[in-house]
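Spelled out from the first residue to the last, the chains are:
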Amino acid sequence: MHESWKPFLAEEFSKPYFQSLSKFLHEAYASKDVFPAKTQVFRAFTTDLDAVKVVILGQDPYHTPGAAHGLAFSVPNSQPIPPSLVNIYKEIDTEYGQHANPTGNLSAWQKQGVLLLNNVLTVEAHRAGSHRGKGWEVFTEATVRHLNNRCKHLVFMLWGRDARSKRALINPEKHLILESAHPSPLSARSGFFGNNHFRLANEFLAAHAMPEIIW
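No experiment lies behind these values; they were computed from the predicted model shown. (Residues numbered from 1 in each chain as written. Predicted model: local features only at pLDDT ≥ 70, side-chain atom pairs only at ≥ 80, totals over all residues. Heavy atoms only, no water.)

Trainee: Go over the environment of Ala-201, please, and point to the residues and values.
Mentor: Relative to the helices and strands, Ala-201 resides in helix H7 (residues 197-207). The buried category is assigned to Ala-201, whose relative accessible area is 0%. For the pair Ala-201 and Met-157, spaced 44 residues apart in sequence, the C-alpha to C-alpha distance is 8.6 Å. (Helix = DSSP H or I, 4+ residues; strand = E, 2+ residues; numbered from the N terminus. Buried < 20%, exposed > 50% of the residue type's maximum accessible area, 1.4 Å probe, protein only.)

Written out as structure tokens, the structure reads:
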């Protein structure tokens, strides 16, 4: 984890809800296949807090072996590009002509200040949503509040019901909030395609004298 996050994380880790979550995770990792690997659960928090420009909220990690590596929507270079990310790339192609990433690994976005944060940070193998309601939602709500209070001129991309539920935590007078359907094949044609979020994000960053993201 990056040093800039440590005071916030130390405070959250000491709270009763997170201690209960930690107990659950200890037992889950000991008895079941859980993703991502323990060492990658907090990988999103290796992003320098003071360098964050865009926040993309996902749901929970990919639940197939080898796919989840701690960044929302992202997969390691060796993995095929998941359907939701295929649709994200299609939208970028519509807006910019082409996307920059040759694989499904979004580490290049992270390096530019994109925080790729899932609503729930762990999942049991082949059981999507299996770690919901265990405490992660409380943690990610606290994270969004912290970002809202600590940072200026962020872009929040809220795709789908889980992400959009965080809207009330964000001050629209300080930050840009972009909402749409989720990029999943089940919902992408219900408002994700054509949302123009990547161009709108860059226009907002440029207007506040910040470097644009190379999507």
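Trainee: Please provide a residue-by-residue account of the packing of aromatic side chains, values included.
Mentor: With the rule as written, the count across this model stands at 21 aromatic pairs. A ring pair is formed by Phe-13 and Phe-18, whose centres lie 4.6 Å apart and whose planes are at 35°; its orientation type is tilted. Accessibility expressed as a relative area gives 28% for Phe-13, which makes it partly exposed. Looking at Phe-18, the relative accessible area reads 5%, which means it is buried. Cluster of aromatic residues (ring-pair linked, three or more members): Trp-5, Phe-8, Phe-13, Tyr-17, Phe-18, Phe-42, Phe-45, Trp-136 and Phe-139. The lysine or arginine in question, Arg-199, covers the ring of Tyr-96, its NZ or CZ lying 4.2 Å from the ring centre. (Phe/Tyr/Trp six-rings, centres within 6.5 Å; stacked < 30°, edge-to-face > 60°. Lys NZ or Arg CZ within 6 Å of the ring centre and 35° of its normal.)

Trainee: Got a sec to walk through the packing of helix H1 (residues 6-13) against helix H5 (residues 136-150)? Specific residues and values, please.
Mentor: Following both chains from N to C, one finds H1 and H5 inclined at 145°, their axes separated by 11 Å at the closest point. Crossing hand, H1 versus H5: right-handed. Of the residues in H5, those touching H1 at Phe-8, Leu-9, Glu-12 and Phe-13 are Phe-139, Ala-142, Thr-143 and His-146. Along the lines of polarity and charge, the residues of the contact of H1 with H5 split into 5 nonpolar, 2 polar and 1 charged. (Axes fitted to C-alpha atoms, helices over the stretch in contact; angles between N-to-C directions. Left-handed = near helix turned anticlockwise from the far one by under 90°. Contact = heavy atoms within 4.5 Å. Nonpolar A, V, L, I, M, F, W, Y, C, P; charged D, E, K, R; others polar.)

Trainee: Outline the pattern of salt bridges, supporting the account with residue identities and numerical values.
Mentor: In a structure, side chains of opposite charge can pair up when their charged atoms sit close to one another. Across all of its chains, the model carries 10 salt bridges by this definition. Note that Lys-15 and Glu-12 form a salt bridge whose closest N and O atoms lie 2.8 Å from each other. Given a relative accessible area of 30%, Lys-15 falls into the partly exposed group. Here Glu-124 ties to Lys-32 by a salt bridge, and the two come within 3.8 Å at their closest N and O atoms. Here Glu-124, found in strand S4 (residues 123-124), pairs with Lys-32, found in the loop between helix H2 (16-31) and strand S1 (34-35); they are 92 residues apart in sequence, far enough to count as distant. A relative accessible area of 44% means that Lys-32 is categorised as partly exposed. Because the salt bridges share partners, they merge into one network encompassing Lys-32, Glu-124 and Arg-127. (Salt bridge = Lys/Arg side-chain N within 4 Å of Asp/Glu carboxyl O.)

Trainee: Describe the pairing of strand S2 (residues 54-58), with residues and values.
Mentor: Here S2 lies mainly inside the structure; 5 of its 5 residues are buried. With 5 bridges connecting them, S2 and strand S3 (residues 114-118) associate as parallel partners. By the bridge assignment for S3, Gly-58 is matched with Asn-118. As paired strands, S2 and strand S5 (residues 155-159) are joined by 4 bridges and run parallel to one another. Directly across from Val-55, in S5, lies its bridge partner Phe-156. (Pairing = 2+ DSSP bridges.)

Trainee: An account of the packing of H2 against H5 is needed here, citing residue identities and associated values.
Mentor: Packing of H2 against H5 leaves a shortest axis separation of 9 Å and a crossing angle of 130°. Taken together, the axes of H2 and H5 lie oblique to each other. The interaxial crossing formed by H2 with H5 has left-handed handedness. Contacts between H2 and H5 pair Tyr-17, Phe-18, Leu-21 and Leu-25 from the former with Trp-136, Val-138 and Phe-139 from the latter. For the contact of H2 with H5, the class distribution of residues is 7 nonpolar, no polar and no charged. (Parallel < 35°, antiparallel > 145°, perpendicular 65-115°, else oblique.)

Trainee: Any chance you could break down helix H3 (residues 83-96) for me, citing the residues and the numbers?
Mentor: With 14 residues, H3 ought to run about 20 Å at 1.5 Å a step, and its terminal C-alpha atoms sit 20 Å apart, in line with that. On its buried face, H3 is in contact with helix H4 (107-111), S5 and H7. Note on H3: the residue one or two positions beyond its end, Gly-97, has a positive phi of about 95°. (Expected span 1.5 Å × (residues − 1).)

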